[in-house]
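Read off the chains here:
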Amino acid sequence: MERIIFHCDLNSFYASVELLEHPELVHLPVAVCGDPNSRHGVILAKNEPAKAAGVRTAETIYQAREKCPALILLPAHHSKYRFYSHL
């Protein structure tokens with residue numbers, strides 16, 4: 001039997017999960033990141049409006065805000081992502 005590899009790119013998964021609880025933000029640039037108050041962390045995921053503004057995964061919060069001053073930053077909730085990934 002031939003082996004088939006199925007690859008799903010879930011680059012925006014964290015942002016999609018967060019937007020389930022914040023549907024009012026769907027059309028605004030949103031990113032899931034580390035702690036912006038302590039200026040630690042990077043962009044973990046972003047939605048389509050943030051992508052369109054040039055925000056990239058793994059860049060610093062500072063770099064993302066330089067590109068997109070209106071970027072809305074949400075904290076990561078890894079237990080939610082585990083829950084939704086098992087559905």
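Let me sum up the structure you'll find in this document. (Residues numbered from 1 in each chain as written. Predicted model: local features only at pLDDT ≥ 70, side-chain atom pairs only at ≥ 80, totals over all residues. Heavy atoms only, no water.)

Among the surface-exposed residues, Leu20, Phe83, Tyr84 and Leu87 lie close enough to one another that they form a single nonpolar patch of about 450 Å² accessible area. Position of Leu87 relative to the elements: it lies in the segment after helix H4 (78-85). (Patch = residues over 30% accessible without salt bridge, like charges linked within 9 Å, V, L, I, M, F, W, Y side chains within 5 Å. Areas by Shrake-Rupley, 256 points an atom, 1.4 Å probe, with all protein chains shown as cover. Salt bridge = Lys/Arg side-chain N within 4 Å of Asp/Glu carboxyl O. Helix = DSSP H or I, 4+ residues; strand = E, 2+ residues; numbered from the N terminus.)

Let's shift gears to the side chain of Asn47. If you trace the backbone, Asn47 turns up in the loop between strand E2 (43-46) and helix H2 (48-52). At 3.0 Å, the side chain of Asn47 and the backbone nitrogen of Val30 are in polar contact. Separated by 3.2 Å, the side chain of Asn47 and the backbone nitrogen of Ala50 make a polar contact. (Polar contact = N/O pair within 3.5 Å; in protein donor to acceptor, adjacent residues only side chain to side chain.)

Taken in spatial order, the three strands of this open sheet run E2-E1-E3, and their pairing is mixed. Only two strands of the sheet have a single neighbouring strand rather than two, namely E2 and strand E3 (72-75). The sheet shows a mean angle of 35 degrees between the axes of neighbouring strands, taken without regard to direction. (Pairing = 2+ DSSP bridges. Axes fitted to C-alpha atoms, helices over the stretch in contact; angles between N-to-C directions.)

A separate point is the nonpolar core. If you look at the biggest cluster of nonpolar residues, it comprises 10 residues: Ala31, Cys33, Ile43, Ala50, Val55, Ile61, Ala64, Cys68, Leu71 and Leu73. For this core, the secondary structure elements donating two or more residues are strand E1 (30-33) and helix H3 (61-67). The next biggest cluster of nonpolar side chains, apart from the first, holds five residues, and it includes Ala15, Val17, Val32 and Ala45. (Core = buried A, V, L, I, M, F, W, Y, C linked by side-chain atoms within 4.5 Å. Buried < 20%, exposed > 50% of the residue type's maximum accessible area, 1.4 Å probe, protein only.)

With that settled, consider the pairing of E1. Going residue by residue along E1, you find Val30 and Val32 tucked away on one face and Ala31 and Cys33 tucked away on the opposite face as well. With four bridges joining them, E1 and E3 adopt parallel strand pairing. For Ala31, the partnering residue across the bridge sits in E3 and is Leu73. In this sheet, E2 lies alongside E1 in antiparallel orientation, the contact comprising three bridges. Across the sheet, the residue bridging to Val32 is Ala45, located in E2.

Attention now moves to the environment of Lys46. Considering the arrangement of structural elements, one finds Lys46 in strand E2. With 23 residues separating them in the primary sequence, Lys46 and Pro69 have C-alpha atoms 14 Å apart. In contact with Lys46, other than residues within four places in its own chain, are Asn11, Ser12, Ala15, Val30, Ala31, Lys51, Val55, Arg56 and Thr57. Within the local environment of Lys46, its side chain forms a polar contact with the side chain of Thr57, the two groups lying 2.5 Å apart. (Contact = heavy atoms within 4.5 Å.)

Any functional reading would require information beyond the geometric quantities listed.
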